[in-house]
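Descriptive analysis of the structure
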Amino acid sequence: MELWFTENHTKNVRFSVKVTKQLYSGKSDFQSIDVFESPEFGRFLTLDGYMMLTEKDEFIYHEMITHVPMAVHPNARNILVIGGGDGGTVRELLRYDHVENIDLVEIDEQVVEVCRRYLPQTAACLANEDGRIRFFYEDGLKYIRHCEDMYDLIIVDSTDPFGPGEGLFTMEFYGNCFKALHEDGIMVNQHESPFYDEDAYAMQRAHKRIVSSFDMCRVYQAHIPTYPSGHWLFGFATKKYHPLRDFDPERWQALGIKTKYYTTHIHKGAFYVPAYVEDMLKDVEY
Ligand code: SAM
């Protein structure tokens, strides 16, 4: 008998991946957690039945959510990651020697445990061998209420805007992120997809809220095969640095970080989004 994992991308569109076996299935206080093995994408993690990451394409998401802001901020040393319990974003951040501290605020400790056991490709770094990670198992919405002028960079590596992730797409949350950043801080978030109507609505709503909390917010894109439509956006909200004018490709290249997706050319190109996406963003910017 063949086993398939299927996610509804819309009411009328389904995405299926052939599965060799299910490695883990459990329910935490927050969500259901599953790990599968597949011939095409390797191991993959789903939460409440939604694809979070696969071994084959996670590098795209994690490199783009991390290296874009790290290549703009000249000296991001103290960093907050909200969500991200699979470890992929932390793995990329740890490649920077000048990063001194990463606070990982993940609501669900069970995600971290399961990923450490079944997805070492992203989560092995959470063993924290060099001691730069501090773990906080709590709701990011609550955690950020008490932070002021603390971080150079905040990466919101959350689930979608429903279930436990809902609060991470609110005005309150973005306003508190602004307050938690230093005066030259940057916040990057996973910004959903512009393609299918429901995702596009969530994307526009998040964008509108970020724009009203930050001086400047730009959007950049990447191609992520296992996310709905494959076309994914990230938000780049910033108090001081412009994602292109303050980007110094030579400075980043001099760090010698080897990547599989991110390049300094991709960095520039990613901020040029299609015309229909520009229109969607403009519609909510004023
Ligand atoms: N790359 C992924 C994506 O877009 O599908 C996100 C992956 S990561 C596994 C998302 C994490 O955010 C999950 O582990 C989830 O438990 C965590 N999370 C959801 N809501 C949260 C909240 N309010 N505070 C902190 N972490 C949260």
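Topic: the overall build of the protein chain
Helix and strand content of the protein chain: 10 helices and 13 strands. Its C-alpha radius of gyration of 18 Å places the protein chain within 12% of the 19 Å reference for a compact globule of 286 residues. In terms of its C-alpha atoms, the protein chain occupies a principal-axis envelope of roughly 55 × 45 × 35 Å. Pairs at least 24 residues apart make up 67% of the contacts formed inside the protein chain by residues separated by at least 6 positions. As displayed, the protein chain offers around 12,700 Å² of accessible surface, 49% of which is attributable to carbon and sulfur atoms.

Some words on the packing of helix α7 (residues 197-213) against helix α10 (residues 275-285)
It is the contact of α7 with α10, at a shortest axis distance of 9 Å, that shows an interaxial angle of 45°. In terms of axis orientation, α7 runs oblique to α10. Crossing angle aside, the handedness with which α7 passes α10 is right-handed. When α7 is examined against α10, the residues Ala200, Met203, Gln204, His207, Lys208 and Val211 are found in contact with a partner set consisting of Met280, Leu281, Asp283, Val284 and Glu285. Broken down by class, the residue content of the contact of α7 with α10 amounts to six nonpolar, two polar and three charged.

What about the domain arrangement of the protein chain?
One can read the domain layout of the protein chain as domain 1 (3-54) and domain 2 (58-285). Computed over C-alpha atoms only, the centres of domain 1 and domain 2 are separated by 23 Å. Residue-level contacts link 22 residues of domain 1 with 21 residues of domain 2. Approximately 2,100 Å² of surface area, both sides summed, lies buried where domain 1 meets domain 2, with 68% of it carried by carbon and sulfur atoms. In terms of surface lost to domain 2, no three residues of domain 1 exceed His9, Phe30 and Leu53, which account for 26% of the buried area on that side. The tally of links from domain 1 across to domain 2 stands at zero salt bridges. Breaking the side of domain 1 that touches domain 2 down by element, the ones donating at least two residues are β1 (3-10), β2 (13-19), β3 (21-27), β4 (32-38), β5 (42-47) and β6 (50-54). A breakdown of the residues in the side of domain 1 that touches domain 2 according to their chemical character gives 14 nonpolar, five polar and three charged.

Considerations on the side chain of Ser193
Here Ser193 shows up in the loop between β11 (181-190) and α7. Ignoring anything within four residues of it in the chain, the contact list for Ser193 reads Asp199, Ala200, Met203, Pro228, Ser229, His231 and Trp232.

Some thoughts on helix α6 (residues 171-180)
Inspection of α6 places Phe173, Tyr174, Asn176, Cys177 and Ala180 among the buried residues, and these make up the whole buried set. The buried residues of α6 occupy one face: seen down the axis, they fall within an arc of 165°. Buried-residue contacts for α6 involve β7 (78-83), α5 (140-143), β10 (151-157), β11 and α7.

Remarks on the pairing of β11
Most of β11 sits out of view: eight of its 10 residues are buried. Pairing of β10 with β11 involves five bridges; the strand directions are parallel. Considered in β11, the bridge of Val156 is made with Asn189. The β-α-β motif built from β10, the intervening α6 and the parallel element β11 has right-handed crossover chirality. Both β11 and strand β13 (residues 231-238) contribute to a ladder of five bridges, which runs antiparallel. Residue Gln190 lies in a different strand from β13, and its bridge partner there is Phe234.

So, the pattern of salt bridges
Within this structure, the stated rule accounts for 10 salt bridges. With its nearest N and O atoms 3.0 Å apart, the salt bridge here joins Arg95 to Glu92. With its nearest N and O atoms 2.5 Å apart, the salt bridge here joins Arg145 to Glu172. Of this pair, Arg145 sits in the loop between α5 and β10 while Glu172 sits in helix α6, placing them 27 residues apart in sequence. Judged by its relative accessible area of 35%, Arg145 is partly exposed. Residue class for Glu172 comes out partly exposed when judged on its relative accessible area of 35%.

Rules of the game
Residues numbered from 1 in each chain as written. Predicted model: local features only at pLDDT ≥ 70, side-chain atom pairs only at ≥ 80, totals over all residues. Heavy atoms only, no water. Helix = DSSP H or I, 4+ residues; strand = E, 2+ residues; numbered from the N terminus. Rg over C-alpha atoms; globule rule 2.2 N^0.38 Å. Contact = heavy atoms within 4.5 Å. Areas by Shrake-Rupley, 256 points an atom, 1.4 Å probe, with all protein chains shown as cover. Axes fitted to C-alpha atoms, helices over the stretch in contact; angles between N-to-C directions. Parallel < 35°, antiparallel > 145°, perpendicular 65-115°, else oblique. Left-handed = near helix turned anticlockwise from the far one by under 90°. Nonpolar A, V, L, I, M, F, W, Y, C, P; charged D, E, K, R; others polar. Domains from an automatic or database assignment. Buried area = accessible area lost by both parts, 1.4 Å probe. Salt bridge = Lys/Arg side-chain N within 4 Å of Asp/Glu carboxyl O. Buried < 20%, exposed > 50% of the residue type's maximum accessible area, 1.4 Å probe, protein only. Arc of directions from axis to C-beta. Pairing = 2+ DSSP bridges. Right-handed = clockwise from strand over helix to strand, strands pointing away.

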